[in-house]
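# Observations on the three-dimensional arrangement
One-letter residues, chain by chain:
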Amino acid sequence: MSEALGAKVLEALARAVDKRALGEALAPALEGAREAPSPSAGRSAAALVEKIVLSDILDDSILGSRPGDTSYPLRMLFGTLGDELEDDTAFALASGLNFFFRVSMDEEAKLAVGLEVSRLYYRFAEERPLDAELVAPLSPLLARLMSTELTHLRLEAVDGARVFDSAVHERALGSDASSPAIKQPKSFLARVVSNGRVRMKAHVRT
């Protein structure tokens, strides 16, 4: 049966069926399915979450890190993402990280994706919010981790900057154009590896 013919058959069945009677007949089965999900469905969901939070590709030094270890903030970030996937920003950030790390593309395209992911990261840190003591060491760690996917460029966090510098910063929407004080970073900075030249400025709110 062709796809077009199959669609017409389904449409005809839908018109012919007594929807109320069908709903009443299916209700017990649907209720049972909600009450007792199959073990395979549970395993599939768990495996999907593991992939979404990159557990299948992250290094053991991140996944097995403990409080006090250098990589521990990264473990906390990905753990928090796994717990918060129902939140739109968390899901978008996890999806962006998956796209960045799993999809092959040229370096300019990967840089563009990486910068958008960094914006989502700062939005997530602000909305949840992540502990400030966690974000301070986390941002440069995430930038370095993402830079492993780049060859000629690298990403840098500017969380430690306190004063606006037009050579490396660009004001984000909602900034006070007359203020030199940086209130929040909004994206990573991108540099050329070979000469340190700024390729894309970091967005900050002043």
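What comes next is a walk through the structure. (Residues numbered from 1 in each chain as written. Predicted model: local features only at pLDDT ≥ 70, side-chain atom pairs only at ≥ 80, totals over all residues. Heavy atoms only, no water.)

### Observations concerning the layout of surface pockets
Of the voids in this model, the largest pocket is the one considered here, and its volume is about 330 Å³. Lining of the largest pocket is provided by 16 residues; of these, Y122, V135, D159, Q184 and P185 occupy positions nearest its centre. Secondary-structure elements contributing two or more residues to the lining of the largest pocket are α7 (107-127), α8 (132-147) and β3 (184-185). Partitioned by chemical class, the residues of the lining of the largest pocket number nine nonpolar, two polar and five charged. Reported here for the second largest pocket is a volume of approximately 160 Å³. Partitioning the lining of the second largest pocket into residue classes produces three nonpolar, one polar and five charged. (1 Å grid on protein atoms, 1.4 Å probe; cavity = no way out; pocket = protein on both sides within 12 Å on 5 of 7 lines; lining within 4 Å. Points joined across faces, edges and corners; volume = space filled by probe spheres on them. Helix = DSSP H or I, 4+ residues; strand = E, 2+ residues; numbered from the N terminus. Nonpolar A, V, L, I, M, F, W, Y, C, P; charged D, E, K, R; others polar.)

### A short note on the pattern of salt bridges
On inspection of all chains with the given rule, the structure shows eight salt bridges. Here E116 ties to R119 by a salt bridge, and the two come within 2.6 Å at their closest N and O atoms. Linking E116 with R119, this pair stays in helix α7, spanning three residues, or about one helical turn. Here E116 falls in the partly exposed class, since its relative accessible area comes to 44%. A relative accessible area of 25% places R119 in the partly exposed class. (Salt bridge = Lys/Arg side-chain N within 4 Å of Asp/Glu carboxyl O. Buried < 20%, exposed > 50% of the residue type's maximum accessible area, 1.4 Å probe, protein only.)

### Comments concerning the pairing of strand β6 (residues 202-205)
Here strand β2 (residues 169-171) pairs with β6 via three bridges, running parallel. Residue pairing for β6: E170 is matched across the bridge by H203. Looking at chain direction, β3 and β6 are connected through two bridges and run antiparallel. Within β6, the position partnered with P185 by the bridge is V204. (Pairing = 2+ DSSP bridges.)

### Re the sheet that holds strand β1 (residues 153-156)
With antiparallel pairing, three strands are arranged side by side in an open sheet as β1-β4-β5. Edge positions in the sheet fall to β1 and β5 (198-200), since each of these pairs with one other strand and no more. Between one strand axis and the next, the sheet turns by 40 degrees as a mean value, whatever way the strands run. Sheet analysis places β1 next to strand β4 (residues 189-192), joined by four bridges and oriented antiparallel. Residue pairing across strands places L155 opposite A190, the latter belonging to β4. Against the sheet, α7 makes contact with β1, β4 and β5, and its axis sits at roughly 5 degrees relative to β1, the strand it touches most. (Axes fitted to C-alpha atoms, helices over the stretch in contact; angles between N-to-C directions. Contact = heavy atoms within 4.5 Å.)

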